[in-house]
Amino acid sequence: MRISLAAVLVSLSCLAAQDRGAPPATAKGGALTDLTGYWVAYVTEDWRFRMITPRKGDFQAVPMNEEGRRVANAWDPAADEAAGNQCKAYGAAAIMRQAARFHITWQDENTLRVESDAGMQARLFHFNSAPAAPGERTWQGYSNAQWERPSSLKVTTTNLRAGYLRKNGVPYSESAIVTEYFDKAPAPGGAEVLLVTSIVDDPKYLAQQFIVSSQFKKEAEGSKWDPTPCSAK
Amino acid sequence: MGSNTVLGKVMLLCVLGCQTAAAQFELTGSWAARNHEFLTGDGLPVDFTGIPLNEEGRTRALSYSESQLSMVERQCQGWPAFYLVQGPFGLKIWSETDPLKGNVISYTIGAWEDRAPMIIWMDGRPHPSQYAEHTRAGFTTGLWEGNTLVTRTTHMKAGFLRKTGAPSSDEASLTMRFYRHGDVLTILAIIEDPIYLAEPWILSRSFQLSAAPLSTSGPPCITAFEATTRETAPHYLPEKNPFVDEMTKKYGVPRDAAIGKPETLYPEYKKKIAAR
């Protein structure tokens, strides 16, 4: 009897430990980490693909399929600009790879807003929201967000306009799905680092998932914030 | 023993156990490389883009000739632990557990042909004295912070931050944080080197769980005569590296970026390029 009672208590205790309380009323109130503030991209990887516009045909490391390569090789930045598509490299599948600053704020209790100075884009991460209904496609699409214990943010983005993974025309299609994980970490000297792992699924142009991770340093204030419009070149 | 005491102990064990199970993830297995980020450099001799070298590091890097690798005594030197987040191979990870308690004593990340295995000690042992032997792999300890494995590596031999010759000193350290999201493992690496870096170098790299098993090690390195007969190590004297502008010629990368000036790692440098 003593063992049985212990087993019951053990089970209850375990359940309680794994599911601590009901979900909070709002995403902001239940935030598992504070991502707000100014973050600057720290370009230690893919330098020549991010800090300058790579030359046409320089697609190294992107797992494109044949159709993807065909489209990439047809890249024409002048035509993009003429068609008003100069923001194709600033869509949700690529924006976090831009050499840019990002400002993260709570737009409301259930919406996290991520703005970039490069390209002057704004992403909205919707918590406690139904999946995106078919609607107008935009560069930033529609993002569903959820906290993942103990301290990660998962964001899934759909409803995208077709854009570029890299500025020299590496394509993603409007059916691409972007899954991102945001994690914060301490760095030497009391600094903070934001790590964003990005997974792009796009069978139209990619032979496999495109997975990159980007790191950002926290800045105390926004004095270096410098909004700059999109550029196709 | 009273029933309350028994129950209390059982519950305490349970809570601790539940917290452990909920907080950690399964690290062991085969993690395939996803080389969608370009970390190793292009094979051009002077590609230090994205590395915040200080003056000493830059001078040393520009003196490096890859022909050093043809010297018999250097052919099998391998690369330091930093290569784990830059090299092209996947990770085979396994653990050693205490047979009685079941806790993990250590994780091992298997070797590659040109990188030594890394043992991550999880049993709380301290790092050795600063005077202890330095090895290519270094000495690594780890602990779980929530669901993140945090490791710290010290006691590495002097080597390279990147295969193109950016140097690392034997005072360098490597802190890694392992995050798992579904079948993706992302490692955030922070490299500190007071001798050759102007600021901590922060990298990240993702791997994907593989159903196919990866090898626990690479083939053995066997030295051979590669026609280097000089008695001095191949090198370039200051200002004499003939490849310093290769990145500029081939890709249009400014020289300051190719030689790893720290200011080139931030967005304002992009605007500086555009203004030229």
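Residues numbered from 1 in each chain as written. Chains lettered and ligands numbered in written order. Predicted model: local features only at pLDDT ≥ 70, side-chain atom pairs only at ≥ 80, totals over all residues. Heavy atoms only, no water.

1. Thoughts on the confidence of the model for chain A
Low-confidence regions, as indicated by low pLDDT, have predicted coordinates that should not be scrutinised in detail. Going by this rule: On a scale of 0 to 100, pLDDT captures the predictor's confidence in every residue. Every residue pair with non-hydrogen atoms within 4.5 Å of one another is taken to be in contact.
Taken residue by residue, chain A gives an average pLDDT of 91. The fraction at 70 or more is 90%. pLDDT under 50 marks residues 1-19 of chain A. Its contacts with residues more than four places away, or in other chains, come to 16 contacts.

2. Thoughts on the packing of aromatic side chains
Filter applied, for reference: In this analysis, rings of Phe, Tyr and Trp, with Trp reduced to its six-membered ring, are considered paired at centre separations within 6.5 Å, and the interplanar angle assigns stacked below 30 degrees, edge-to-face beyond 60, and tilted for intermediate values. Strands here are runs of E lasting at least two residues and helices are runs of H or I lasting at least four, both read from the DSSP assignment and numbered beginning at the N terminus. Exposure classes here rest on a 1.4 Å probe applied to the protein chains alone. A residue is buried below 20% of its type maximum, exposed above 50%, and partly exposed in between. The criterion is that NZ of a Lys, or CZ of an Arg, lies within 6 Å of the ring centre and within 35 degrees of the ring normal, and then a charge sits over that ring.
The full count for this structure, using the stated rule, is 15 aromatic pairs over all chains. Measuring from ring centre to ring centre gives 5.6 Å for Trp106(A) and Phe127(A), while their planes differ by 40°; the resulting arrangement is tilted. With a gap of 21 residues between them, Trp106(A) in strand E2 (residues 101-108) and Phe127(A) in strand E4 (residues 122-127) connect regions that are remote in the sequence. An angle of 55° between the planes, with centres 6.2 Å apart, marks the rings of Trp79(B) and Tyr83(B) as tilted. Tyr83(B) gets classed as buried once you look at its relative accessible area, which sits at 6%. Clustering of aromatic rings is evident, with ring pairs tying together Tyr64(B), Trp79(B), Tyr83(B), Phe89(B), Trp112(B) and Phe160(B). The ring centre of Trp121(B) lies 3.5 Å from the NZ or CZ of Arg125(B), which sits over that ring.

3. As for the sheet that holds strand E9 (residues 177-187) of chain A
Residues and elements named next belong to chain A. Inclusion rule: By definition, two strands form a pair when at least two bridges between them are found by DSSP. Fitting a line to C-alpha atoms yields each axis, with helices limited to the stretch in contact; the angle taken between N-to-C directions then spans 0 to 180 degrees.
Taken in spatial order, the 9 strands close into a barrel running E1-E2-E3-E4-E5-E6-E9-E10-E11, and their pairing is mixed. Neighbour-to-neighbour, the strand axes of the sheet open up by a mean angle of 30°, direction not taken into account. In terms of strand pairing, strand E3 (residues 111-116) meets E4 through 5 bridges, oriented antiparallel. What sits directly across from Glu 115, in E4, is Ala 122.

4. Focus: the interface of chain A and chain B
It is common to give the size of an interface as the accessible area lost on bringing the parts into contact. Spelled out, the test is: Buried surface area refers to the total accessible area, computed with a probe of radius 1.4 Å, that the two partners give up upon joining, counted for both partners together. What counts as a salt bridge is simple: a side-chain nitrogen of Lys or Arg found within 4 Å of a carboxyl oxygen of Asp or Glu. In protein, a polar contact requires one atom able to donate a hydrogen and another able to accept it; more generally it is a pair of N or O atoms within 3.5 Å, and residues adjacent in sequence count only if both atoms are side-chain atoms. For this classification, Asp, Glu, Lys and Arg are treated as charged, while Ala, Val, Leu, Ile, Met, Phe, Trp, Tyr, Cys and Pro are nonpolar and the rest, including Gly, are polar.
Contacts between the two partners involve 61 residues from chain A and, on the opposite side, 56 residues from chain B. Summed over both sides, the interface of chain A with chain B buries roughly 4800 Å², with 61% coming from carbon and sulfur. Applying the counting rule to chain A against chain B returns 4 salt bridges. We note a salt bridge from Lys217(A) to Glu199(B), for which the minimum N-O separation is 3.6 Å. The interface formed by chain A and chain B contains 23 residue pairs in polar contact (both at pLDDT 80 or more). Elements with a contribution of two residues or more to the side of chain A that touches chain B: helix H1 (2-18), strand E1 (37-41), helix H2 (47-50), E9, strand E10 (191-201) and strand E11 (210-219) of chain A. Looking at the side of chain A that touches chain B element by element, the count peaks at 8 residues for H1(A). Taken together, the residues of the side of chain A that touches chain B break down into 30 nonpolar, 12 polar and 19 charged.

5. Some details on the state of the cysteines
Here a disulfide denotes a covalent bond joining the sulfur atom of one cysteine to the sulfur atom of another. Stated precisely, the cut-off is as follows: Here, the term disulfide refers to a pair of cysteine sulfur atoms separated by no more than 2.5 Å.
Under the counting rule described, the total for this entry stands at 2 disulfides over all chains. The disulfide bridge from Cys87(A) ends at Cys230(A), spanning 2.0 Å between sulfur atoms. In this structure, the disulfide formed by Cys87(A) and Cys230(A) twists by about 100° around the S-S bond and is classed as right-handed. Separated by 143 residues along the polypeptide, Cys87(A) in the loop between helix H4 (77-82) and E2 and Cys230(A) in the segment after E11 bring together distant segments of the chain. Between Cys76(B) and Cys221(B) runs a disulfide, and the two sulfur atoms are separated by 2.0 Å. The disulfide joining Cys76(B) to Cys221(B) has a torsion of about -85° about its S-S bond and is therefore left-handed. Placement of the pair is Cys76(B) in the loop between helix H2 (55-62) and strand E2 (91-97) and Cys221(B) in the loop between strand E11 (201-209) and helix H3 (246-251), with a sequence separation of 145 residues.

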